[in-house]
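Notes for the structure review
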Amino acid sequence: LISAIFIVIVRPISVMVSLGFFMGRRKQFKWRDLLFLDVIRETGVISAVLLVIYAGVLPDGEVALAVGLWVILATLVFLPLITEWWARRIRVLAAK
């Protein structure tokens, strides 16, 4: 459930906030590109390092570490399975 919340809510917000500036007529990204990045954006190494560094400082660091690592694992297992389907669905990748 927490993984789904991060994939469906948190990551799209972070992508829109960070890359939304690059949209428009003369800009590099279109809405479809951002939709693709919302779902497929890789998460892993940096998140894991930050979790390990701050786990000892956070009040419930062990819980945060466990949840964070499960979210990363779910992302790395699930997203490669849907990447091509999602790209075709939002027409970022041409149909076969």
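Above this text is the structure in question.
This section reports on the structure supplied with the text. (Residues numbered from 1 in each chain as written. Predicted model: local features only at pLDDT ≥ 70, side-chain atom pairs only at ≥ 80, totals over all residues. Heavy atoms only, no water.)

**Some words on helix α4 (residues 61–89)**
At Thr83, α4 shows its largest bend, some 45°. Looking at α4, one finds that the buried residues are Gly61, Gly68, Val71, Ile72, Thr75, Leu79, Ile82, Trp86 and Ala87. The positive-phi residue at the C-terminal boundary of α4 is Arg91, with phi of around 60°. (Bend = angle between axes of the 7 residues up to and from the residue. Helix = DSSP H or I, 4+ residues; strand = E, 2+ residues; numbered from the N terminus. Buried < 20%, exposed > 50% of the residue type's maximum accessible area, 1.4 Å probe, protein only.)

**Some remarks on the packing of helix α2 (residues 31–40) against α4**
As a packed pair, α2 and α4 sit with axes 10 Å apart at the nearest point and diverge in direction by 165°. By the criterion of interaxial angle, the relationship of α2 to α4 is roughly antiparallel. Between α2 and α4 lies a crossing of right-handed hand. Facing Leu35, Phe36, Val39 and Ile40 of α2, the residues of α4 in contact are Leu79, Ile82, Thr83, Trp86 and Ala87. Grouping the amino acids of the contact of α2 with α4 by side-chain chemistry returns 8 nonpolar, 1 polar and no charged. (Axes fitted to C-alpha atoms, helices over the stretch in contact; angles between N-to-C directions. Parallel < 35°, antiparallel > 145°, perpendicular 65-115°, else oblique. Left-handed = near helix turned anticlockwise from the far one by under 90°. Contact = heavy atoms within 4.5 Å. Nonpolar A, V, L, I, M, F, W, Y, C, P; charged D, E, K, R; others polar.)

In short, the description is geometric, and any link to function would need to be established separately.
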